[in-house]
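Residue-level structure breakdown
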Amino acid sequence: MDGFARNLLHWFDGHGRTQLPWRRERSAYRVWLSEIMLQQTQVATVIPYYERFLVRFPDVRALAAAQLNEVLALWAGLGYYARGRNLHRCAQVVVRAHGGEFPREIDVLTALPGIGRSTAGAILAFSCEQRHPILDGNVRRVLSRYHAVEGPPTARAVEGRLWELAALHTPAARVADYTQAIMDLGAMVCTRARPHCRSCPLAMDCRAHHDGAVDRYPGSRARRQAPVRSRCFLIVRRDSGHILLEARPPTGLWGGLWSLPETDTCAAAETWCAAHALPVRRSTSWEVMRHTFSHFHLDMHPLLLEIETSPQAVMDADRWLWYKDGDAIEVGLPAPVRRLLDRLDAQGSPETPDDPHRALRKTRQDR
DNA sequence: TAAACGTGGCA
DNA sequence: TTGCCAAGTTT
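Residues numbered from 1 in each chain as written. Chains lettered and ligands numbered in written order. Predicted model: local features only at pLDDT ≥ 70, side-chain atom pairs only at ≥ 80, totals over all residues. Heavy atoms only, no water.

A few points about the overall build of chain A
Within chain A one finds 15 helices and eight strands. By its C-alpha atoms, chain A is 75 × 50 × 35 Å across when sized along the principal axes. For chain A, the residues scored as buried account for 49% of the 367 residues in total. For chain A, long-range pairs separated by at least 24 residues make up 69% of all intrachain contacts whose partners lie at least 6 apart in sequence. Split by element, the accessible area of chain A, about 18,600 Å² in all, is 50% carbon and sulfur. Placing the 48 positive and 40 negative side-chain charges of chain A at their respective mean positions leaves the two points 5 Å apart. (Helix = DSSP H or I, 4+ residues; strand = E, 2+ residues; numbered from the N terminus. Buried < 20%, exposed > 50% of the residue type's maximum accessible area, 1.4 Å probe, protein only. Contact = heavy atoms within 4.5 Å. Areas by Shrake-Rupley, 256 points an atom, 1.4 Å probe, with all protein chains shown as cover. Lys, Arg positive; Asp, Glu negative; His and termini not counted. Charge placed at Lys NZ, Arg CZ, Asp CG, Glu CD.)

Points about the pairing of strand E8 (residues 320-323)
Burial of E8 is two-sided: the residues Trp 320 and Trp 322 facing one way and the residues Leu 321 and Tyr 323 facing the other way are all buried. As judged from the four bridges shared by strand E2 (residues 243-247) and E8, these two strands associate in the antiparallel manner. Looking across to E8, one finds that Ile 243 is bridged to Tyr 323. (Pairing = 2+ DSSP bridges.)

Some thoughts on the protein's contact with DNA strand B
Surveying the vicinity of DNA strand B reveals 23 residues, the closest of which are Tyr 81, Arg 224, Trp 254, Ser 294 and His 295. Sugar plus phosphate: this is where 57% of the atoms of DNA strand B within 4 Å of the protein reside. Gly 252 places a polar main-chain atom, nitrogen or oxygen, 3.5 Å from a phosphate oxygen of DNA strand B. Residue composition of the surface near DNA strand B, by class: nine nonpolar, nine polar and five charged. (Near = heavy atom within 4 Å. Polar contact = N/O pair within 3.5 Å; in protein donor to acceptor, adjacent residues only side chain to side chain. Nonpolar A, V, L, I, M, F, W, Y, C, P; charged D, E, K, R; others polar.)

A word on the packing of aromatic side chains
For the structure shown, the criterion picks out ten aromatic pairs. For the pair Trp 22 and Tyr 50, a centre-to-centre distance of 5.4 Å together with 85 degrees between the ring planes defines the contact as edge-to-face. Taken together, the residues span a long stretch of sequence, with Trp 22 in the loop between helix H1 (3-15) and helix H2 (28-38) and Tyr 50 in helix H3 (residues 43-56) at a distance of 28 residues. We note that Trp 22, like Tyr 50, is buried. By the ring-pair criterion, three or more aromatic residues cluster together here, those being Phe 233, Trp 254, Phe 293 and Phe 296. The lysine or arginine in question, Arg 117, covers the ring of Trp 163, its NZ or CZ lying 3.8 Å from the ring centre. (Phe/Tyr/Trp six-rings, centres within 6.5 Å; stacked < 30°, edge-to-face > 60°. Lys NZ or Arg CZ within 6 Å of the ring centre and 35° of its normal.)

Digging into helix H6 (residues 82-98)
The terminal C-alpha atoms of H6 lie 22 Å apart, and with 17 residues this matches the ideal 24 Å at 1.5 Å per residue to within 8%. The set of residues buried in H6 consists of Arg 83, Gly 84, Arg 85, Asn 86, Leu 87, His 88, Cys 90, Ala 91 and Val 94. Those residues of H6 hidden inside the fold are in contact with H2, H3, helix H4 (60-65) and helix H5 (68-75). (Expected span 1.5 Å × (residues − 1).)

Brief notes about the environment of Ala 76
Relative to the helices and strands, Ala 76 is located in the loop between H5 and H6. Of the residues examined, Ala 76 reaches a relative accessible area of 19% and is grouped as buried. Separated by 259 residues in sequence, Ala 76 and Ala 335 have C-alpha atoms that sit 7.4 Å apart. With near-sequence residues (within four places) excluded, Ala 76 lies in contact with Tyr 49, Tyr 81, Gly 332 and Leu 333.

Points about the packing of helix H9 (residues 137-146) against helix H10 (residues 156-169)
At a closest axis distance of 10 Å, the pairing of H9 and H10 adopts a crossing angle of 90 degrees. Relative to H10, the element H9 lies roughly perpendicular. Contacts between H9 and H10 involve Val 139, Arg 140, Leu 143, Ser 144 and Tyr 146 from the first element and Glu 159, Leu 162, Leu 165, Ala 166 and His 169 from the second. Split into classes, the residues belonging to the contact of H9 with H10 amount to six nonpolar, two polar and two charged. (Axes fitted to C-alpha atoms, helices over the stretch in contact; angles between N-to-C directions. Parallel < 35°, antiparallel > 145°, perpendicular 65-115°, else oblique.)

Notes on H3
Between the first and last C-alpha of H3 there are 20 Å, a value that for 14 residues agrees with the 20 Å anticipated at 1.5 Å per step. Taken together, the buried positions of H3 are Val 46, Tyr 49, Tyr 50, Phe 53 and Leu 54.

Structure below.
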């Protein structure tokens, strides 16, 4: 064990996070579930989802036996829904092809849906003390500072060097503690902004700290300008308060979730209603709501359509659903759609803005 | 290989 | 307000 790991473990024994839910019982199933949820997602966000999943799906067989729709409904709000779809697929593969036990070989594990190199390493390190490196945002930050690794983290050479360093430092003994320790250090001490180098157990040998250039690492990644997509979302409401939902395609944005019917423009929405024989009694265009994703801005143009009761159109239960909050239906709603419906409940029929630009400003101030 | 994939926290 | 990014993987 090198000095890096020794100092880190010593710090961990006094300062490590011990209260995380997935640290209590380290079955492969629980470690796997937590690792998938934690991909690109902050710890505080994951905790309530993790607890709910464990109650509903106490083991991998329960998860494999569930409907994808229910899994995605429980996943709704976490984001990156391919993780939810892969989670379900992976559970079924584990049950069908591996007798309900997660494989202990890293190559077999990595071949499972949703499990890459880092997640596979974490599962084996935490659940059975196998010596494998991980490379997440924390480890990337700690190592790139400690060794003053230059360059954008996505660059191939940088990526390879960081994996190399991660493998070099990972000890044979106490692998689980070490893996937790380096993530805890990244989350609590070697933070992105204003790291606490005074209380860092590695500061003595940290090249970035020695050079007084901690904020140069990791290097910044190149960003593209986010394009703007403009879409019209139909809030088709019946007198009973039920809202028409449409099943989204199984892949892509919000894949597998339910959302409001979507068209390019509000004008197209009228065509859409005619095509589906929806007798519209009143329509009200709402203020523009801009939602920013990782790669683009979505300008949502909500259009409220109040319709006569019991339309005969839109009857395909696989694709369409009349939904009212409180129904005992498993529905996964994307967060922006959820917010839209919440606002509708809160203020009833929204008023038509007379100035779209003012409306946009107003919306953005609300957020 | 680069782009796609959600959401929320923070400075 | 805006940009960055968090327990990354897939195509």
